[in-house]
Amino acid sequence: MSHDDTPAVVAPGATIGVLGGGQLGRMTVIAAARLGYRCHIFCQSPDEPAAQIAAQVTVAPFTDTEALDRFAAGIDVATLEFENIPLESVEYLTARTAVRPGAPALAVAQDRIKEKDFINRAGIATAPYRAVANPRELISAVADLGTPSILKTARLGYDGKGQIRIETDTDPEAAWAQCGASDATGGAVLEGFVDFEREISVIAARGRDGAITSYVPVENRHANHILDETIVPAPVSDTVAAAATDIAHTLIAELQMIGVLAVEMFVSPDGTVLVNEVAPRPHNSGHWTIDACAVSQFELLVRAVCNLPLASTERDADATMKNLIGDAADNWPAYLADPAARLHLYGKTETRAGRKMGHVTWLTPRMRS
Ligand code: AMP
């Protein structure tokens, strides 16, 4: 049985349960608190960024059904802040409380093969791809798609982890081992290499009533496979911006999800837009909305899951967002001294190479519609 068939508004004062305790959860807690909600974080350690500032915290494995029972009993609605929560846990919770977005959207986003199948079925293009279950299948997939191509684990990869570029002289056995594909990752997918001009993303939201809204497309620049900078708005033609927005709206509608969906896309030099992947949650490329918009992507999530009006996604300014990765966050005094910089730190105690420790947003007067 699903508990998500009540259209009732979850009014300020209620408790929102959040599965996951990372920085996305933390910024959701802050947005929720601003509107008078409490958050209950379900996570793996009491020191996680969202747990540090939440009204209530449950520290337990996602598979702990007793902990899920207690969590469900103390909240009014649930959401999630990362994809790799076991589907069974979300399904278990769905029988006890409204979970927005629900398990179907999560199932698609968790598995690159299901995701690309879904996107193509919705009439939207991706890079060409083949599901690959072993090195032998990799050989025939490479024969189909050519080189260079990219081998990615179907599940559990992020920030370039679980990915390897296949060249003409790549040994399939070695590539398979190096990418870390296994039964636990649902095998792998080989993708044709996209010679893109730039990467963009659109963050859309959908409410309980089916209303859809989105922010302007933004450009994402990566360093070492991790998002480094987001440029707002993306310097693309109106045609490309409209196509990207249309894709995001189509996908969130097709997923019938309530919440926030980030859609990452490649733009080719000829203006073709291909979807890379989707995330049914707030996204790193939407952090600028905290400082540049009346309603941030985190507040938009709160509004969607609580059945409040989605309101405006208009921006007051253009923006550049820079991630503070690893020891780059040690430069916080310089950012504090920069009157134009808006600094956000996530409270992570341990600095590690490649770890997202915070971000900075700079606003500039709005130049384009
Ligand atoms: P992903 O984990 O799928 O978001 O991939 C991480 C990054 O690798 C992307 O943001 C791209 O910069 C690059 N990448 C991923 N897939 C492809 C592809 N098929 N062709 C070219 N570059 C890719």
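In this text, all values refer to a predicted model and were calculated from it rather than measured experimentally. (Residues numbered from 1 in each chain as written. Predicted model: local features only at pLDDT ≥ 70, side-chain atom pairs only at ≥ 80, totals over all residues. Heavy atoms only, no water.)

J.: Please explain the packing of helix H4 (residues 103-110) against helix H5 (residues 112-121) as it appears in this structure.
T.: A packed helix pair is summarised by two numbers, namely the angle formed by the two axes and the spacing between the axes. Between H4 and H5, the shortest axis-to-axis distance is 5 Å and the interhelical angle comes to 110°. Classified by the angle their axes make, H4 and H5 are roughly perpendicular. Judged by residue contacts, Ala-107, Val-108, Ala-109 and Gln-110 of H4 engage Arg-112, Lys-114, Glu-115 and Phe-118 from H5. Per-class residue counts for the contact of H4 with H5 are four nonpolar, one polar and three charged. (Axes fitted to C-alpha atoms, helices over the stretch in contact; angles between N-to-C directions. Helix = DSSP H or I, 4+ residues; strand = E, 2+ residues; numbered from the N terminus. Parallel < 35°, antiparallel > 145°, perpendicular 65-115°, else oblique. Contact = heavy atoms within 4.5 Å. Nonpolar A, V, L, I, M, F, W, Y, C, P; charged D, E, K, R; others polar.)

J.: In this structure, what is going on with the domain arrangement of the protein? I would like to understand it.
T.: Size of an interface, as often reported, equals the accessible area lost when the parts are brought together. Here the protein is described as being made up of domain 1 (15-99), domain 2 (128-192) and domain 3 (198-364). For domain 1 versus domain 2, the distance between C-alpha centres works out to 33 Å. (Domains from an automatic or database assignment.)

J.: Is there a simple way to think about H5 in this case?
T.: Count 3.6 residues to each turn of an α-helix, and residues three or four apart come out pointing the same way. When we look at burial in H5, the residues that qualify are Arg-112, Ile-113, Glu-115, Lys-116, Phe-118 and Ile-119. Following H5 by one or two positions, Gly-123 has its phi on the positive side, about 85°. (Buried < 20%, exposed > 50% of the residue type's maximum accessible area, 1.4 Å probe, protein only.)

J.: Explain the site of the ligand here, please?
T.: Lys-152, Gln-163, Val-194, Glu-199 and Glu-277 are the nearest of the 16 residues found near the ligand. Within the contact set of the ligand, a nitrogen atom lies 3.0 Å away from a backbone nitrogen or oxygen of Gly-192. Here the ligand, which alone exposes 470 Å², has 92% of that area covered by the protein. Elements with a contribution of two residues or more to the shell around the ligand: strand E6 (149-153), strand E8 (188-192), strand E13 (259-267) and strand E14 (273-279). Mapped onto the domain boundaries, the shell around the ligand takes at least three residues apiece from domain 2 (128-192) and domain 3 (198-364). (Near = heavy atom within 4 Å. Polar contact = N/O pair within 3.5 Å; in protein donor to acceptor, adjacent residues only side chain to side chain. Areas by Shrake-Rupley, 256 points an atom, 1.4 Å probe, with all protein chains shown as cover.)

J.: Would you explain unusual backbone geometry in this entry?
T.: In terms of backbone geometry, most residues other than glycine have negative phi values and most peptide bonds are trans. Geometrically, the link from Thr-147 to Pro-148 is a cis peptide bond, its omega value of -10° lying close to zero. For Pro-148, the position within the fold is in the loop between helix H6 (135-145) and E6. The peptide bond linking Val-232 to Pro-233 adopts the cis configuration, its omega dihedral lying at -5°. With respect to the helices and strands, Pro-233 occurs in the loop between strand E12 (226-232) and helix H8 (238-255). For Asn-224, which is not a glycine, the phi torsion comes out positive at approximately 50°.

J.: In this structure, what is going on with the pattern of salt bridges? I would like to understand it.
T.: A pair can form between side chains of opposite charge whenever their charged atoms are brought close. Scanning all chains against the criterion turns up 17 salt bridges. With a closest N to O distance of 2.6 Å, Glu-167 and Arg-165 form a salt bridge. Using a relative accessible area of 43% as the deciding quantity, one classes Arg-165 as partly exposed. One continuous salt-bridge network, built from bridges that share partners, spans Glu-197, Arg-198, Glu-219 and Arg-221. (Salt bridge = Lys/Arg side-chain N within 4 Å of Asp/Glu carboxyl O.)

J.: Looking at this model, I keep getting lost on a nonpolar patch on the surface. Mind explaining?
T.: Taken together, Trp-332, Leu-336 and Leu-345 make up a surface patch of nonpolar side chains, about 310 Å² in accessible area. In this fold, Leu-345 is placed in strand E16 (residues 341-345). (Patch = residues over 30% accessible without salt bridge, like charges linked within 9 Å, V, L, I, M, F, W, Y side chains within 5 Å.)

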